[in-house]
Amino acid sequence: MQPAITESLAKSFGLSAEEYGRVLAIMGRTPTFTELGIFSVMWSEHCSYKSSRVWLKQLPTKAPWVIHGPGENAGVVDIGDGLAAIFKMESHNHPSFIEPYQGAATGVGGILRDVFTMGARPIANLNALRFGRPENARTKRVVDGVVRGIGGYGNCVGVPTVGGEINFHPAYDGNPLVNAMTVGIAHKDRIFLSAAAGIGNPVVYVGSKTGRDGIHGATMASAEFSADSEEKRPTVQIGDPFTEKLLIEACLELMATDAIIAIQDMGAAGLTSSSVEMAGKGNVGIELDLDHVPARETGMSAYEFMLSESQERMLMILRPDREQLARDIFAKWDLDFAIIGRITDTGRITVRHHGQIEADIPLAPLNDQAPLYTRPIVDTPRQEKLNPARIEDRLGLVKGLVTLIGCPDLCSRAWVWDQYDSTVGGQTVKRPGAADAAIVKLDGLKRALALTTDCTPRYCQADPETGGAQAVAEAWRNLVAVGALPLAITDNMNFGNPEKPEIMGQFAAAIRGMAAACTALDFPVVSGNVSLYNETEGRAILPTPAIGGLGVLEDGAAAVGLAMPPWLDLVLIGQTTGWIGQSLWLREIAGREDGAPPPVDLKAERAHGEFVRAGILNGTVRACHDVSDGGILVALAEMCMASGVGARVVTHPRDIPGYAFWFGEDQARYILAVADAPGLLRQAEAAGIPAMRLGTSGGHDLTLPDGGTISIADLRAAHGRFFPTWMAEKDAN
Amino acid sequence: MTPGIILFPGINRERDMAIALEASFGRKPRMLWHKDTDLTGVDLVVIPGGFSFGDYLRCGAMAAQSPIMRAVKDHADRGGYVLGVCNGFQILTEAGILPGALLRNVSLRFLSMDCHLRVERADTVFTNRYKQGQTFRAIMAHGDGNYFADDATLDRLEAENRVAFRYATQAGEITPAVNLNGSARSIAGVYSQNLRVLGLMPHPEDLVDPLMGGDDGKPLFDALAAA
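To keep things clear, this report deals only with the structure shown in the data block.

Reading the values: rules and limits
- Residues numbered from 1 in each chain as written.
- Chains lettered and ligands numbered in written order.
- Predicted model: local features only at pLDDT ≥ 70, side-chain atom pairs only at ≥ 80, totals over all residues.
- Heavy atoms only, no water.
- Pairing = 2+ DSSP bridges.
- Helix = DSSP H or I, 4+ residues; strand = E, 2+ residues; numbered from the N terminus.
- Axes fitted to C-alpha atoms, helices over the stretch in contact; angles between N-to-C directions.
- Contact = heavy atoms within 4.5 Å.
- Polar contact = N/O pair within 3.5 Å; in protein donor to acceptor, adjacent residues only side chain to side chain.
- Phe/Tyr/Trp six-rings, centres within 6.5 Å; stacked < 30°, edge-to-face > 60°.
- Lys NZ or Arg CZ within 6 Å of the ring centre and 35° of its normal.
- Buried area = accessible area lost by both parts, 1.4 Å probe.
- Salt bridge = Lys/Arg side-chain N within 4 Å of Asp/Glu carboxyl O.
- Disulfide = S-S within 2.5 Å.
- Buried < 20%, exposed > 50% of the residue type's maximum accessible area, 1.4 Å probe, protein only.

**Considering the sheet that holds strand β3 (residues 44-47) of chain B**
Residue and element names in this part refer to chain B.
Item 1. Strand order in the open sheet formed by 9 strands is β2-β1-β3-β4-β11-β10-β9-β6-β7, with mixed pairing between adjacent strands. Both outer strands of the open sheet, β2 (30-33) and β7 (135-142), are each paired with one neighbouring strand and no more. The sheet shows a mean angle of 25° between the axes of neighbouring strands, taken without regard to direction.
Item 2. As defined by bridge partners, strand β10 (residues 187-191) adjoins strand β11 (residues 197-200) across 3 bridges and the pair is classed as antiparallel. The residue bridging Y191 from the neighbouring strand is L198, located in β11.
Item 3. Packed on one face of the sheet, helix α1 (residues 14-25) meets β1 (3-7), β2, β3 and β4 (81-85) and runs near 180° to β1.

Following this line, the structure appears as structure tokens:
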């Protein structure tokens, strides 16, 4: 028996009293159990963006090369040669904490579907991950499960995982972040959208059968965690990458014909959100008969069918005369194919089950009258700029460098990458770690894409506006640093409970910073995802607006990476003030997490980046690395380790304490390897860009300005130690 | 010689293989479907890598039962050429066309990285563009690449000089440290008795272009194209 429909039942479904009142007004009667379920998931934070929409509108989303911005399943940009890149990043944070392997795996599966549903063949995956303290016993299990899950899914579907980032911080102890990004390629005049059309046209269900997994996943993702979150494990979905692979091939085969009018994957809120959104966007109605939905279990109710988040399912509206053609293609790939309804002119969603009408809801108010909140905000208090002269450097340069390159946030990620297939497809020009951005060539063409994910959450925590701008700027910088023309970003906004004014203040400020950077750098947002309520027991994560950046190279062979040839000059581009506030040196060596983060000068950012990119494309620059976490010496050490070539640093800073000069995190900086430093310095001076010679590449050691020396072998040992050692340690409990 | 690539559901390195074959053969390979049973006109059957049928059963076990595998067995029995890479190697062992089996990597983790293979003999249709004892770089990308056979089988393979490649250092030394998946006697690939069927775990097809990090795998395909 289904429970009585009451305000308290609505509350347990995540609807407030006011929202339930709105449901009653729209329906003009008490909703059925199934109808209440549909309202609750459609109006969940996850599906409705009810707290974030007012702010998201501030982001620039247009440029001449943007084909589809936010609002479709993924963003679409023109990359030349008649092709479009389709990409998006999406979070799977809550499921990944409850069940790390399946949570991460289905995160990859979900974002892949968002991309191939638009007609693109996925060519690359990336992921932005944040975990709790390594000392926390649970963290290791989460890291291991998430990495295995990403690999298990991505490796099997045959899409290379080419990049990403990992941070550790206690703020993620109870709430890790798993943000997965997929990039696909399509012909730009063959993009598939989700707006349903054609009264009477069949609504077709393809893919896996529907089971009881993931019911109310979207609602779970819209609430804080508590100590009993383990009980929510049944709301996590189970991934089947093999079926996903078949679905990719079958959909792309069908997309080569003219059969599809509209298509959307069944993601969060499954059949409910896909049918409601498709019919709503097309201003039509939709009629579903659940008796025809392929079911994995017997005795499922209408409510369970509508709210199941079983994976690897798609909904399509087909041309009626192409039904057999489509049926044959899905039969070839051994996938379920079922006509489960029709498009109507009623403007309503009508759901039948066993001959009974289980739901009958007008679509317009379900979509248009969804709650929209302008929640109260409180600004994050400003932090003081730190004076580096007042901080003592107890370690010196060599020990400081070794400590930094070995710390969890900067150490080698090889243990992780070695579990991801980064080469399948045969187009990976720069694998993870080889360059500031991953580079994937387009099959049969010279053209290549550059891809990166970036965010520095500790900057965002200290100053969300600067942090938001910095995340966008760093993504742009990483694309420029390989020689690519940055085109657009996808954003994955991970924040705490939006009902707290401090959290909503972080969100609003981060958006402000991002918007400024996107505008200044001509780097619009074309897709994104918002994940709120990232809190456990009332403790919020660091504000984490993860940015996925995409750029294009006309010739992939022109790209440069970190590896530098010997006996070149090393030149630093950009101003160094010794900015130590919020630096990794300050945290890892001085044990402090305070101060204002480095300011982001967007004008300088653009000028420096364009100068560097021009140098790469004209062949002057032979290797390039942006200077970010850990500052100049860490960047240099990374270049040495990537190339197996040492470097001798000869510069001596004046007026700035040595540690702050070498480990400070001023923005808009790059290290370039060039044959002719004086020539480059003259060009920089003419362009009004700060530049200085740091030293020379060559040999087998990194020789520091204070006379200290460390061999590349020792650097690599220090850099490579953390992950394998940590993972091999047996837990005490 | 006309190459054909077999597509099982879940195979995912067919495009990589097609690129490598086309680069050496100068024309696109034929694509064959797992439900086909006719290999007429195909001289070299290639089974690429991936996760056939999801590898939800033992790797390659489902694919080995596909309709086309009877035709592949007949082709091999007639002295036809067959190349199986990664999942393709697993399928060939599951089908009984090559001896041994591929177990989980000893680390119990997926391994995705470069490795060096030592060429154990350079007089086959696959390896005659390499020199015996030289090493070349290839890409590992597998969770189940730990070659296993009983001692009698391993002794016989060695006695018949049917070990194609071993995991080695760049200089050609065979050490446990570079035998990452734990393969018996560091074996990365084996031949059939007539040396016309080759199965190996690492991917030569992903290193046929310097832009992608090297072309160490290209001589294998050049040799086949010239046969």
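**Quick notes on the side chain of T423(A)**
Item 1. Mapped onto the elements of the fold, T423(A) is located in the loop between α16 (414-417) and β14 (428-430).
Item 2. Side chain to side chain, T423(A) and R13(B) meet in a polar contact 2.9 Å long.
Item 3. Excluding residues that lie within four positions of it along the chain, T423(A) makes contacts with P160(A), T428(A), R431(A), R13(B), D16(B), I139(B) and D206(B).

**A closer look at the packing of aromatic side chains**
Item 1. Evaluation of the coordinates by the stated rule reveals 23 aromatic pairs over all chains.
Item 2. Measuring from ring centre to ring centre gives 5.0 Å for F495(A) and F507(A), while their planes differ by 65°; the resulting arrangement is edge-to-face. Of this pair, F495(A) sits in the loop between β17 (485-494) and α19 (501-520) while F507(A) sits in helix α19, placing them 12 residues apart in sequence.
Item 3. The lysine or arginine in question, R138(A), covers the ring of F97(A), its NZ or CZ lying 4.1 Å from the ring centre.
Item 4. The residue whose ring lies beneath K332(A) is W33(B), and the NZ or CZ to ring-centre distance is 4.8 Å.

**Quick notes on the interface of chain A and chain B**
Item 1. Listed as interface residues are 34 residues of chain A and, on the opposing side, 29 residues of chain B.
Item 2. Buried surface at the junction of chain A and chain B, both sides included, amounts to about 2,600 Å², of which 52% is carbon and sulfur.
Item 3. When the buried area of chain A at its contact with chain B is split by residue, F242(A), D418(A) and R431(A) rank highest and sum to 20% of it.
Item 4. The interface formed by chain A and chain B includes 4 salt bridges.
Item 5. Put simply, D421(A) and R13(B) hold a salt bridge, and the shortest N to O gap is 2.6 Å.
Item 6. For the interface between chain A and chain B, the tally reads 14 residue pairs in polar contact (both at pLDDT 80 or more).

**Considerations on the state of the cysteines**
Residues and elements named next belong to chain A.
Item 1. Under the definition given, this model contains 0 disulfides over all chains.
Item 2. With no disulfide of its own, C407 lies closest to C411 among cysteine sulfurs, the gap being 7.1 Å.
Item 3. A relative accessible area of 4% means that C407 is categorised as buried.

**Section: unusual backbone geometry**
Residue and element names in this part refer to chain A.
Item 1. Phi is positive for A269, close to 65°, though the residue is something other than glycine.
Item 2. As for its placement among the helices and strands, A269 is situated in the loop between β8 (260-265) and α11 (270-281).
Item 3. A relative accessible area of 0% places A269 in the buried class.

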